[in-house]
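Each chain, letter by letter, is given below.
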Amino acid sequence: MNKETAKSIRKSLTADCTKCFGLCCTALNIVASSDFPINKAAGTPCKNLQSDYGCQIHSDLRERGFKGCTVFDCLGAGQIVSQVTFKGQSWREHPEIGDKMFQVFPIIEQIHEMIAYTAEALSYDIPHALSEKLSVQLKELQNLQSLDAEQLLTLDLVLYRFPLNKLLSETSKAIRESLIAKLPGTKNAKDYDHERANWFGKKLMGKDLRAVNLRGAYLIAADMRNADLRGADLIGADLRDADLRGANLSTSLFLTQMQINSAKGDMRTKLPSHIQRPSHWMN
Ligand code: SF4
């Protein structure tokens, strides 16, 4: 697959709430916390969900304690479930399909997450053999989007996730090793491997973290102001309240909108082209 096509697939995975029946505001089970002030059972619409599926407090979610709603991103799963799987039928007009719709939503969400990572991997300069395997994987995942609800509910996603994780690790290694070779100084592999590191609140201001493996790292509330994270692999890293003001993440690997929405940043933070600058960063 050519890199431009892969980039456009990655970019297309964004939520279109106008085509969704408020699924994230209804399907999910939410326990009251600092991110969402009320308990909400799975399958029960949030009290703020309007009849047109808009949110009645959309403009001041953070001020009202619903910070989690400004972080969540379904990667376009909501509109696929609403318009493709259930062909434009809503749980409101057809309550009999509600349960199935709410169960299918997190399944499509996980499929979209895997498509996003696969498409991103294919947008890089990687060895041909790896690209071939990723292309096959992408086709298989895209085919899942058109399955009906019954078929989706019987899927074992581990069968897709496990081989994909291996391919994404290989992609990360190939890209980072090529970048590390171009960086000045000694090449101690240990300096670049901080997978699952616990860097909670760590002072990393202005650090050179280029090409570092931060897969699954705990970066909660880390001070990463003006840090250089180009080529760093951030898949699964917990960036909640990490301070990314002025940081360079323009070519960070496998960064998601949800990770960025959960962090702090500003107009100087450099982001990959498939990530939008959160509106709460601009206040
Ligand atoms: S507060 Fe608004 S965005 Fe959040 S779950 Fe409720 S309706 Fe949805």
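Here the structure is a predicted model, which means the values were calculated and not measured. (Residues numbered from 1 in each chain as written. Predicted model: local features only at pLDDT ≥ 70, side-chain atom pairs only at ≥ 80, totals over all residues. Heavy atoms only, no water.)

**Thoughts on the overall build of the chain**
The test is simple: The way it works is that DSSP assigns letters per residue, a run of H or I at least four long becomes a helix, a run of E at least two long becomes a strand, and they are numbered from the N terminus. Burial classification: accessible surface area is computed with a 1.4 Å probe over protein chains only, and a residue below 20% of its type maximum counts as buried, one above 50% as exposed, and the rest as partly exposed. Contacts are assigned to residue pairs that have any heavy atoms within 4.5 Å of one another. Using the Shrake-Rupley algorithm and a 1.4 Å probe, accessible areas are obtained, with residue cover drawn only from the displayed protein chains. Under the counting rule used here, the positive set is Lys and Arg, the negative set is Asp and Glu, and His together with the chain ends is not counted. Charge positions are represented by NZ for Lys, CZ for Arg, CG for Asp and CD for Glu.
Per the secondary structure count, the chain includes eight helices and zero strands. With respect to the principal axes defined by its C-alpha atoms, the chain has extents near 65 × 45 × 30 Å. Within the chain, buried positions represent 47% of all 283 residues. Taking contacts inside the chain between residues at least 6 apart in sequence as the whole, the part at least 24 apart equals 44%. Per element, the accessible surface of the chain, about 14300 Å² overall, is 52% carbon and sulfur. The centroid of the 36 positive side-chain charges in the chain is displaced by 6 Å from the centroid of its 32 negative side-chain charges.

**Let's talk about the layout of surface pockets**
Applied cut-off: Residues are said to line a cavity or pocket when one of their atoms sits within 4 Å of a point; the points come from a 1 Å grid over protein atoms alone, cavities being sets where a 1.4 Å probe fits but cannot get out and pockets being open sets with protein on both sides within 12 Å along at least five of seven lines. Grid points are joined across faces, edges and corners, and a volume is the space filled by probe spheres set on the points. For this classification, the nonpolar set comprises Ala, Val, Leu, Ile, Met, Phe, Trp, Tyr, Cys and Pro, the charged set comprises Asp, Glu, Lys and Arg, and every other residue, Gly included, is treated as polar. Domain boundaries shown here were taken from an automatic or database domain assignment.
Here the second largest pocket is characterised by a volume of approximately 550 Å³. Lining the second largest pocket we find 22 residues, and of these Ser-123, Tyr-124, Ser-250, Thr-251 and Leu-253 sit closest to its centre. Put simply, the parts of the chain that give the lining of the second largest pocket at least two residues each are helix H1 (3-12) and helix H7 (158-182). Partitioning the lining of the second largest pocket into residue classes produces five nonpolar, eight polar and nine charged. Residue contributions to the lining of the second largest pocket reach at least three from each of two domains, namely domain 1 (3-24 + 72-175) and domain 2 (186-283).

**Points about helix H3 (residues 77-85)**
Within H3, seven of the nine residues are buried, leaving the element largely enclosed by the surrounding structure. Turning to H3, its buried residues number three or more, namely Ala-77, Gly-78, Gln-79, Ile-80, Val-81, Ser-82 and Thr-85. Buried residues along H3 sit against helix H4 (98-122) and helix H6 (149-153). Positive phi shows up at Lys-87, right after H3, with a value of about 50 degrees.

**A few points about the side chain of Gln-259**
Rule in force here: Two N or O atoms count as a polar contact when they lie within 3.5 Å, although within protein this holds only if one can serve as hydrogen donor and the other as acceptor, and sequence-adjacent residues are included solely when both atoms are side-chain atoms.
Mapping Gln-259 onto the fold places it in helix H8 (residues 257-262). In terms of polar contacts, Gln-259 uses its side chain to reach the backbone amide nitrogen of Thr-256, at 2.8 Å.

**Focus: the packing of aromatic side chains**
For clarity, the cut-off: In summary, the pairing rule links any two rings of Phe, Tyr or Trp, Trp by its six-membered ring, whose centres are within 6.5 Å, and it sorts them by plane angle into stacked for under 30 degrees, edge-to-face for over 60 and tilted for everything else.
Evaluated as defined, the whole model comprises five aromatic pairs. In this structure an aromatic cluster arises from ring pairing among Phe-21, Tyr-53, Trp-91 and Phe-102.

**Section: the site of the ligand**
Applicable threshold: Proximity criterion: a residue is near a molecule or strand once any of its heavy atoms comes within 4 Å of it.
Around the ligand, a shell composed of Cys-25, Phe-36, Cys-46, Asn-48, Leu-49, Cys-55, Leu-61, Phe-66 and Cys-69 is seen. Residue classes in the shell around the ligand are distributed as eight nonpolar, one polar and no charged.

**Re the nonpolar core**
Keep this limit in mind: Among buried residues, those of type Ala, Val, Leu, Ile, Met, Phe, Trp, Tyr and Cys that are joined through side-chain atoms within 4.5 Å constitute a nonpolar core.
Of all hydrophobic cores here, the largest spans 48 residues; its most connected members are Leu-23, Val-81, Trp-91, Met-101, Ile-108, Ile-111 and Leu-134. Broken down by secondary-structure element, the contributors of at least two residues to this core are H1, H3, H4, helix H5 (128-144), H6 and H7. No other element matches the 14 residues that H4 contributes to this core. Looking at which domains feed residues into this core, each of domain 1 (3-24 + 72-175) and domain 2 (186-283) gives three or more. Not counting residues within four places of it along the chain, the set of residues in contact with Trp-91 comprises Phe-21, Leu-23, Thr-26, Pro-45, Leu-49, Tyr-53, Ile-97, Gly-98, Met-101 and Phe-102. Core analysis: the second largest hydrophobic core is formed by 30 residues, Ala-197, Ala-227, Ala-263 and Trp-281 among them.

**A short note on the side chain of Glu-120**
As a reminder, the rule being used: A side-chain nitrogen of Lys or Arg and a carboxyl oxygen of Asp or Glu constitute a salt bridge if their distance falls within 4 Å.
As for its placement among the helices and strands, Glu-120 is situated in helix H4. Despite its burial, Glu-120 pairs with no opposite charge, the nearest such side chain being Arg-10 at 4.2 Å. Among the polar contacts listed, one links the side chain of Glu-120 to the side chain of Tyr-124, at a separation of 2.4 Å. Look past the residues within four positions of Glu-120 in its chain and what remains in contact with it is Arg-10, Ser-252, Leu-253, Phe-254, Leu-255 and His-274.

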